[in-house]
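# Per-entry structural report
Residues per chain are reported as follows:
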Amino acid sequence: MGEPVVEILSFLTDYFGEDFQSYSQSLAEKRVAERVKQLRLPGQTEYHQFLRHDPGEPACLARMLRIRFSSFFRDPLQFELLRSQIMTSLSSTRSQGGFLRCWSAACAGGEEACSLAIVIDETMQLLEVCPTVQIFATDVAEDALEIGRAGYYAPGSLGGVTLRQLGAYFTPEGSGYRVSPKILSMISYCRHDLLDPNTYAPPESLFGGFDLISCRNFLMYLDPQAYLRVFDNLFRALNPGGVLLLGKAEAVPDRYHAHLARIFECGNLYRKLQTGRA
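Definitions and cut-offs
Residues numbered from 1 in each chain as written. Predicted model: local features only at pLDDT ≥ 70, side-chain atom pairs only at ≥ 80, totals over all residues. Heavy atoms only, no water. Helix = DSSP H or I, 4+ residues; strand = E, 2+ residues; numbered from the N terminus. Polar contact = N/O pair within 3.5 Å; in protein donor to acceptor, adjacent residues only side chain to side chain. Contact = heavy atoms within 4.5 Å. Phe/Tyr/Trp six-rings, centres within 6.5 Å; stacked < 30°, edge-to-face > 60°. Buried < 20%, exposed > 50% of the residue type's maximum accessible area, 1.4 Å probe, protein only. Lys NZ or Arg CZ within 6 Å of the ring centre and 35° of its normal. Core = buried A, V, L, I, M, F, W, Y, C linked by side-chain atoms within 4.5 Å. Expected span 1.5 Å × (residues − 1). Salt bridge = Lys/Arg side-chain N within 4 Å of Asp/Glu carboxyl O.

### Looking at the side chain of Asp139
As for its position among the elements, Asp139 is in strand 2 (residues 132-139). A distance of 2.9 Å separates a polar side-chain atom of Asp139 from the backbone nitrogen of Ala108. Setting aside residues up to four positions removed in sequence, Asp139 forms contacts with Ala106, Cys107, Ala108, Ala144, Leu145, Cys190, Arg191 and His192.

Next comes the structure, spelled out in structure tokens:
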């Protein structure tokens, strides 16, 4: 990583009190290059000076580094596998009055958390079971969490929603759609920094114990050391027998191959084995 980019990430870390130095070299250099071009500056050194003196620039670059693109039912195959296999096995083991605990990590505006809630609700109706569902949706950006709490989305983010789901779980409002109170009631939005070295799970969850964790398309933007550190925490927070969802470009570290079983040849879904690494 070029020295100016290293200094830029160090500046952001000091400025916000959060870890920006764990992002991958390729992501950091790409985002800085984009800002250099947008601002028509000569290079990274000049951008570093601009960053230090413009009061609005640190927040702008931070938003660019924290990629927040999401949509409902992104990667439809993974959600279909979850629907047809995973949620059935999870829900069918929950007795009346039991709990089903999930974590949507790096949730952005909540589209993934709502998608999980819809899949769970559909499966519970099909199986006629009624566990208490707790979905903890976390992100480091408070403005993203506010979008999730509001539950209001533009039509463009609903491309993966079926017509039946649209009618059952959304209400047209203005130029967009409002998620039903039933779905929102299943989700708790709370701020959590996956790169925080002092915690491994959202404190609001009483530290882990999840039956399902989805952390998709976040690990891929980290350097190898941070990738492993965050994965350690995800594994620790997952119950034995629980299910982990990763993004298409993400993989289980070698040291966890004996402790996570791949459920399908595709879909990047894994089950934590009952014995072994805690």
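### Side note on the packing of aromatic side chains
Following the criterion strictly, the structure yields 13 aromatic pairs and no others. Both rings, one in Trp103 and one in Phe210, keep their centres 5.4 Å apart while their planes meet at 35°; by these two values the pair is tilted. Linking Trp103 in strand 1 (residues 99-104) with Phe210 in strand 7 (residues 210-215), this pair joins segments that are 107 residues apart in sequence. Phe210 matches Trp103 in its accessibility class, with the two residues each being buried. Seen from the ring of Phe16, Arg66 lies directly overhead, with NZ or CZ sitting 6.0 Å from the centre. Just above the ring of Phe235 sits the side chain of Lys272; from NZ or CZ to the centre is 4.2 Å.

### What about the nonpolar core?
Counting 44 residues, the largest nonpolar core has Trp103, Leu219, Leu222, Phe231 and Leu260 as the members making the most contacts within it. Those elements giving two or more residues to this core turn out to be helix 1 (3-16), helix 2 (25-39), helix 3 (44-53), helix 4 (57-65), strand 7, helix 10 (224-237) and strand 8 (238-246). Considering each element in turn, this core owes the most residues, seven residues, to helix 10. Among the nonpolar cores identified, the runner-up in size contains 37 residues, and Leu100, Ile118, Leu158 and Val243 belong to it.

### Overview of helix 6 (residues 111-127)
Between the first and last C-alpha of helix 6 there are 24 Å, a value that for 17 residues agrees with the 24 Å anticipated at 1.5 Å per step. The buried fraction of helix 6 amounts to 14 of the 17 residues, a majority that puts the element mostly inside the structure. Among the residues trailing helix 6, Glu128 stands out with phi positive, at a value near 55°.

### Section: the pattern of salt bridges
The tally for this structure, following the rule as stated, stands at 14 salt bridges. The salt bridge involving Glu18 is made with Arg191; its shortest N-O contact spans 2.5 Å. Taken as a pair, Glu18 in the loop between helix 1 and helix 2 and Arg191 in strand 6 (residues 187-191) lie far apart in primary sequence, 173 residues in all. When the shortest N-O distance is used, the salt bridge between Arg216 and Glu112 registers 2.8 Å. Pair noted here: Arg216 is in the loop between strand 7 and helix 10 and Glu112 is in helix 6, with a separation of 104 residues, a long-range link. When sorted by exposure, Arg216 lands in the same class as Glu112, which is buried. Through salt bridges that share partners, Glu80, Arg83, Glu122 and Arg164 make up one connected network.

Note that all results are geometric; they support no functional claim without further evidence.
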